[in-house]
Amino acid sequence: MATAVSRAPPKKYKWALDFAPRRRSSTTPVVELPSPPGYNPSVEQTSSETAQSGDSTHLIIKKSWDLALAPLKQVPMNLFIMYMAGNSISIFPIMMIGMLVIRPITALFAIQTTFKIIEGSHAVGQKFVYFLGNILNILLAMYKFHSMGLLPSHSSDWLAFVEPQQRLEYSGGGFLLS
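A quick note: this is a predicted structure, and the numbers were derived from the prediction, not measured.

*Asks:* Quick rundown of the overall build of the protein? Include the residues and the values.
*Replies:* Along the backbone of the protein there are 7 helices and 0 strands. Reading the helices (α) and strands (β) of the protein from amino to carboxyl end gives α-α-α-α-α-α-α. Relative to its 178 residues, the protein shows a buried fraction of 19%. The long-range fraction of contacts in the protein, counting pairs at least 24 apart against all pairs at least 6 apart in sequence, stands at 68%. Accessible area of the protein: about 15600 Å², with a carbon and sulfur share of 64%.

Right, here's the structure in full:
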């Protein structure tokens, strides 16, 4: 016994979207929608023509200065990392400050490959700014190593028979108890 299964058309919901293509009848007119606010096709064509016909040297100079100033833009972030690392001597602050030294040194060794595509009279100035930014980052890391006490700065750090310096005075914050 075969039973006939009748298929009812799917129920249409109030908020449903139908993505099936509709057949357009020849009697429905094609309505030309107005352009959105702020859109002007004639301006777009002239700006693209200007961009194509314009000189690309300005764009190259701008991008190369962005590349040259990148180490100087890293200085505030490096200062924040140094602040968050603290002055305790443990593995994580030492690794963080070590990376602050290693990254600029590797960037200095790769300065020629970084500026390989830049040519012209402005390239020398950009390389110099890039070099100074990396040197500044290295100096910041060396200052942090010194403040942590990891750089040998006294003769007792080098010689075994010299006594280390003794603190004459200890100070600390607090409240006056009187």
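*Asks:* If you had to explain the environment of Pro76 to someone new, which residues and values would you point to?
*Replies:* You can see Pro76 is positioned in helix 3 (residues 75–85). The exposure class of Pro76 is exposed, given its relative accessible area of 53%. In sequence terms Pro76 and Asn137 are 61 residues apart; their C-alpha atoms lie 9.9 Å from each other.

*Asks:* Got a sec to walk through a nonpolar patch on the surface? Specific residues and values, please.
*Replies:* Taken together, Ile61, Trp65, Leu69, Leu72 and Leu136 make up a surface patch of nonpolar side chains, about 350 Å² in accessible area. Looking at which element gives the most residues to the nonpolar patch, the answer is helix 2 (residues 57–73), with 4 residues. When you line up the elements, Ile61 lands in helix 2.

*Asks:* Describe the nonpolar core, and please don't skip the residues or the numbers.
*Replies:* Counting residues in hydrophobic clusters, the biggest one holds 11 residues: Val75, Ile81, Met82, Ala85, Ile97, Leu100, Val101, Leu140, Ala141, Phe145 and Met148. Among the secondary structure elements, those contributing two or more residues to this core are helix 3, helix 4 (91–109) and helix 6 (122–148). Leaving out residues up to four positions away in the same chain, Met82 has contacts with Ile97, Leu100, Leu140, Tyr143 and Lys144. The next biggest cluster of nonpolar side chains, apart from the first, holds 7 residues, and it includes Ala68, Ala107, Phe115 and Ala123.

*Asks:* I'd love a proper account of helix 2, names of residues and values included.
*Replies:* Here helix 2 spans 24 Å end to end across 17 residues, near enough to the 24 Å set by a 1.5 Å rise per residue. At Leu67, helix 2 shows its largest bend, some 30°, and a proline, Pro71, comes one to four positions later. Regarding helix 2, the residues found buried are Ser64, Ala68 and Pro71. Tucked inside the fold, the buried residues of helix 2 contact helix 3 and helix 6.

*Asks:* Account for the side chain of Gln126, naming residues and giving values.
*Replies:* Structurally, Gln126 is set in helix 6. When near neighbours in sequence (up to four residues on either side) are disregarded, Gln126 contacts Ile61, Ser64, Trp65, Ala68, Phe115 and Ile118.

*Asks:* Outline the UniProt feature "transmembrane region" (unreviewed entry) in the protein, supporting the account with residue identities and numerical values.
*Replies:* Per the UniProt annotation, the sites labelled "transmembrane region" (unreviewed entry) are residues 80–102 and 128–146. Across residues 80–102, the secondary structure splits into 78% helix and 0% strand, with the terminal C-alpha atoms separated by 17 Å. Secondary structure across residues 128–146 comprises 100% helix and 0% strand; the distance between its end C-alpha atoms is 27 Å.

*Asks:* Residues and numbers for helix 6, please.
*Replies:* End to end, helix 6 covers 40 Å across 27 residues, agreeing with the expected 39 Å (1.5 Å per residue, within 8%). At the C-terminal side of helix 6, Gly149 shows a positive phi close to 85°.

Criteria and cut-off values
- Residues numbered from 1 in each chain as written.
- Predicted model: local features only at pLDDT ≥ 70, side-chain atom pairs only at ≥ 80, totals over all residues.
- Heavy atoms only, no water.
- Helix = DSSP H or I, 4+ residues; strand = E, 2+ residues; numbered from the N terminus.
- Buried < 20%, exposed > 50% of the residue type's maximum accessible area, 1.4 Å probe, protein only.
- Contact = heavy atoms within 4.5 Å.
- Areas by Shrake-Rupley, 256 points an atom, 1.4 Å probe, with all protein chains shown as cover.
- Patch = residues over 30% accessible without salt bridge, like charges linked within 9 Å, V, L, I, M, F, W, Y side chains within 5 Å.
- Salt bridge = Lys/Arg side-chain N within 4 Å of Asp/Glu carboxyl O.
- Core = buried A, V, L, I, M, F, W, Y, C linked by side-chain atoms within 4.5 Å.
- Expected span 1.5 Å × (residues − 1).
- Bend = angle between axes of the 7 residues up to and from the residue.
- UniProt positions renumbered as here; feature names shortened; annotations may be inferred.

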